[in-house]
Amino acid sequence: MLNADCISRQFLPEVRPRQNLIRIAVTLTASIMPILWQGNALLFGKIYAVLTLMTWLFAKYPFGGWSHTAFHGAIMLLPPLLMTAACNLSSSR
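Draft legend 1. Structural context of the overall build of the protein chain. Scanning the protein chain from N- to C-terminus turns up 5 helices and 0 strands. Each helix and strand of the protein chain, ordered N terminal to C terminal, gives the series α-α-α-α-α. If you line up the protein chain on its principal axes, its C-alpha atoms span 50 × 35 × 20 Å. Intrachain contacts of the protein chain at a sequence separation of at least 6 include 37% that bridge at least 24 residues. Total accessible area computed for the protein chain in this model is approximately 6900 Å², and 70% of it derives from carbon and sulfur atoms.

Okay, structure coming up:
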């Protein structure tokens, strides 16, 4: 439902960047909340820190053209953390 709404909003005559940023933040936080609910606060914090760094690099573009490269460098940190979360699931044992 949220994806369909987000996609449809990209075709509106006026796109609101602040509203898009809020939607992205809510979506990213909601996607990692189960890790916190499982009681793994440290892993949640690491993932949240990487997502915050990625969002900052993407939104502020602090290094000019190199910010995109730095964004991809930061995103490389995410899969090992998510795999750790997946390995901790009871269905993975």
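Now, onward.
Draft legend 2. Region of interest: the pattern of salt bridges. Within the structure shown, the criterion is met by 2 salt bridges. Across the pair Arg9 and Asp5 runs a salt bridge, and its minimum N-O distance is 3.2 Å. Of this pair, Arg9 and Asp5 both sit in helix α1 (residues 2-9), 4 residues apart, roughly one helical turn. By relative accessible area, Arg9 is classed as partly exposed at 27%. For Asp5, a relative accessible area of 27% puts it in the partly exposed group. Through salt bridges that share partners, Asp5, Arg9 and Arg23 make up one connected network.

Draft legend 3. View of the nonpolar core. Ranked by size, the top nonpolar core spans 14 residues in total, and within it Ile32, Ile35, Leu43, Ile47, Leu51, Met54 and Leu78 carry the most contacts. Apart from the residues lying within four places of it in its own chain, the contact partners of Leu78 are Ile47, Val50, Leu51 and Met54.

Draft legend 4. Region of the structure containing the packing of aromatic side chains. Counting across every chain of the model gives 3 aromatic pairs. Here Phe44 and Tyr48 contribute two aromatic rings whose centre-to-centre distance is 5.8 Å and whose plane-to-plane angle is 20°, an arrangement assigned as stacked. Of this pair, Phe44 and Tyr48 both sit in helix α3 (residues 41-60), separated by 4 residues, roughly a single helical turn. When the ring of Trp56 is compared with that of Phe63, the centres are 6.3 Å apart and the planes differ by 85°; the resulting orientation is edge-to-face.

The rules behind each value
Residues numbered from 1 in each chain as written. Predicted model: local features only at pLDDT ≥ 70, side-chain atom pairs only at ≥ 80, totals over all residues. Heavy atoms only, no water. Helix = DSSP H or I, 4+ residues; strand = E, 2+ residues; numbered from the N terminus. Contact = heavy atoms within 4.5 Å. Areas by Shrake-Rupley, 256 points an atom, 1.4 Å probe, with all protein chains shown as cover. Salt bridge = Lys/Arg side-chain N within 4 Å of Asp/Glu carboxyl O. Buried < 20%, exposed > 50% of the residue type's maximum accessible area, 1.4 Å probe, protein only. Core = buried A, V, L, I, M, F, W, Y, C linked by side-chain atoms within 4.5 Å. Phe/Tyr/Trp six-rings, centres within 6.5 Å; stacked < 30°, edge-to-face > 60°.

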